[in-house]
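# Observations on chain architecture
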Amino acid sequence: MTNDAHDASSNTPQASCKIGAGPHAAAGPAGKHPAPPCTLVIFGAGGDLTKRLLTPSLYNLTVDGLLDDGMQIIGVNHGERETKAWVDDLGQSLQQFAADKKSKVDDKAWQWLSSRMEYMAGEFEADDVFEALKQRIDKTSHGNAIFYLAVGARFFRPIVERLGKAGLLKEDKEREGNFRRLVIEKPFGTDLASARDLPAHILQFADESQVYRIDHFLGKDTVQSILAVRFANAMFEPIWRREYIDSVQITASETLGVEGRGKFYEQTGAFRDMVPNHLFQLLAMVALEPPNSFDAEAVRDKKAELFAAIEPLKRDDVVFGQYEKGGAGVGYREEPDVARDSITETYAAARVFIDNWRWAGVPFYLRTGKRMTTRRTEIAVQLKRVPFLMFRDTPVEALTPNVFTLRIDPAHGTRFDFNVKVPGPTMQIGAVRSAFNYNDFFEEHANVGYETLLYDCMLGDETLFQRADSIESGWCAVEGVLHPEGGPLPVHGYAAGSSGPAEADALLARDGHAWRSLQDAE
Ligand code: BG6
């Protein structure tokens, strides 16, 4: 996890500072240097993740000179295919998915990367694949390997088991810095019981320190920056507590529907898909206690404390919705692979409390939904009102509350709403807004969101990866919603293209709050 610091006053880039540096990270001039050599094995080489995110990220890391000459990538997938055909296919979609849309794919960089890529046909559950991988990796001078499971969750166990039995997860302690790492993506279980089960299975074959659990929200610069905003400025921490903060709203609304993922979504729903993982990660970044350093364990310990302090959600704290035919298109039940009488939620709102000294009594309102009016991921921190107002004719209640908004997607920046005097002879108060956009200060950097995660994994820096205990605490907090007493939660309709169901408004109204508009200008 790196942070290039700039002197905003002069707008001049300054020396960068490395935070959360891993074992190999001796800071270079820009705090960056190639990761150690390794063999990256991607299970699921023919899948979407490889095409849309992993290959473009590896390409961007190549352009930045962050991969070692000894890097090798082996893509494993079922189905015979020539390496050339696989690489050509990935190369063709690179322009579309590599984030820097402005410039053309650099042929030299792609040539460098693609010459290190090799396709291996094989079933994920067949022993011969693992034998072949072992031979390949043993032959390298470094012996380092990362096994990336870009596959459906049903393959996690068989692959890990075979990797373990083939001795592929065994690190060679005689060789300095030798590593074998395992990368997995959510879902890390589907409820508390399964979330406990999966790590137990993995830990039979690998040590916890070898397991890198990705939550792609943590790969977003704007999410990583939350810690920088909080802890690299003196102005926020003193007020970042229950005495000054009234409530926090965390929103991840999408305009997309289920996009052909009906089968997956029917089993998962918006709540499992987004809340105990992505939204809880945002919650942790905004609410965790200051760590002593940006060392991986220091940050992850604070996160674990925070997750453990989340008050278990009750059915009354949650509202589910499902999109119906509306301005933005068909209803969820009309989507392919979705039951015509489905009760799967495509929207979830929750009221969360954190039981600790800093946050007791402060509601954190979370919402996420498909086919909503706007795509917006943001965290809005609303401050308490001033205690009284000296301008006699203006009641305190009439003031617009101060809100500090961390804007994650698609806008990248922060925004502050506050009050000033309206120019003119009388003392009238008017609400204004001051906004900062990353693009105004920093050069846009090609980034699809996985670059830092892959680079950190190669460095052995686990700051941005999730630990099993935090995942378990997250599921623990939502267990009462997943298996609610009194039967499944009702699912309320909302029109495709709207701001969600009316019942979600009522969830906040009972505390005297209201959701922030999703329709106001970005
Ligand atoms: C994924 C979910 O983890 O995150 C998707 O499975 C969701 O349903 C996506 O659309 C949202 O991520 P982002 O980065 O597009 O906000």
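Scroll up for the structure.
The text that follows walks through the structure, step by step, so that each part is easy to find. Per chain, residue numbering runs from 1 following the sequence as it is written. In view of the model being predicted, local features appear only for residues whose pLDDT reaches at least 70, and side-chain atom pairs are presented and counted only at 80 or more, with totals across whole chains, interfaces and linings using the full set of residues. Note: side-chain values were computed over all heavy atoms of the structure, leaving out hydrogens and water.

### Details of the pattern of salt bridges
Any carboxyl oxygen of Asp or Glu that lies within 4 Å of a side-chain nitrogen of Lys or Arg is treated as forming a salt bridge with it. On inspection of all chains with the given rule, the structure shows 32 salt bridges. Ionic pairing is found between Arg136 and Glu118, a salt bridge with its closest N-O pair at 2.1 Å. Of this pair, Arg136 sits in helix H4 (residues 127–139) while Glu118 sits in strand S7 (residues 117–121), and the two are 18 residues apart along the sequence. When the shortest N-O distance is used, the salt bridge between Asp317 and Arg351 registers 3.3 Å. Taken together, the residues span a long stretch of sequence, with Asp317 in the loop between helix H9 (296–309) and strand S12 (318–324) and Arg351 in strand S13 (residues 347–352) at a distance of 34 residues. Of the two residues, Asp317 and Arg351, both sit in the buried class. Put simply, Glu297, Arg300, Asp301, Glu462, Arg467 and Asp469 are held in one network by salt bridges that share partners. A run of H or I in DSSP counts as a helix once it spans at least four residues, and a run of E counts as a strand once it spans at least two, with each numbered from the N terminus. The rule is simple: take the accessible area with a 1.4 Å probe, protein chains only, and divide by the maximum for that residue type; under 20% is buried, over 50% is exposed, in between is partly exposed.

### Quick notes on unusual backbone geometry
Phi is mostly negative for residues that are not glycine, and the peptide bonds are mostly trans. Look at the link from Lys186 to Pro187: it is a cis peptide, with omega at 10 degrees. When you line up the elements, Pro187 lands in the loop between strand S9 (180–185) and helix H6 (192–202). A cis geometry characterises the amide bond from Asp409 onward to Pro410, with omega recorded as -10 degrees. Phi is positive for Asp337, which is not a glycine, with a value near 65 degrees. Relative to the helices and strands, Asp337 is located in the loop between S12 and S13. Positioned with a positive phi, Arg371 is a non-glycine residue whose angle comes to about 50 degrees. Relative to the helices and strands, Arg371 is located in the loop between strand S14 (364–369) and strand S15 (376–383).

### Comments concerning H6
Of all the residues in H6, the buried ones are Leu192, Ala195, Leu198, Pro199, His201 and Ile202. In this description, contact between two residues means that some pair of their heavy atoms is separated by no more than 4.5 Å. Looking at the buried residues of H6, the elements they touch are helix H5 (156–165), S9, strand S10 (211–214) and helix H12 (468–482).

### Overview of the site of the ligand
Lining the immediate environment of the ligand, one finds Lys186, His216, Phe217, Lys220, Glu254, Arg261, Asp273, His278, Lys370 and Arg375. Within the side chain of His216, an N or O atom sits 2.8 Å from an oxygen atom of the ligand. Side-chain atoms alone can form a polar contact between residues adjacent in sequence; in general such a contact is a pair of N or O atoms within 3.5 Å, and within protein one must be able to donate a hydrogen while the other accepts it. With respect to the ligand, the side chain of Arg261 contributes an N or O atom lying 3.0 Å from an oxygen atom. In terms of residue class, the shell around the ligand is made up of one nonpolar, two polar and seven charged. The near set for a molecule or strand comprises every residue that places at least one heavy atom within 4 Å of it. Residue type decides the class: Asp, Glu, Lys and Arg count as charged, Ala, Val, Leu, Ile, Met, Phe, Trp, Tyr, Cys and Pro as nonpolar, and the leftover types, Gly among them, as polar.

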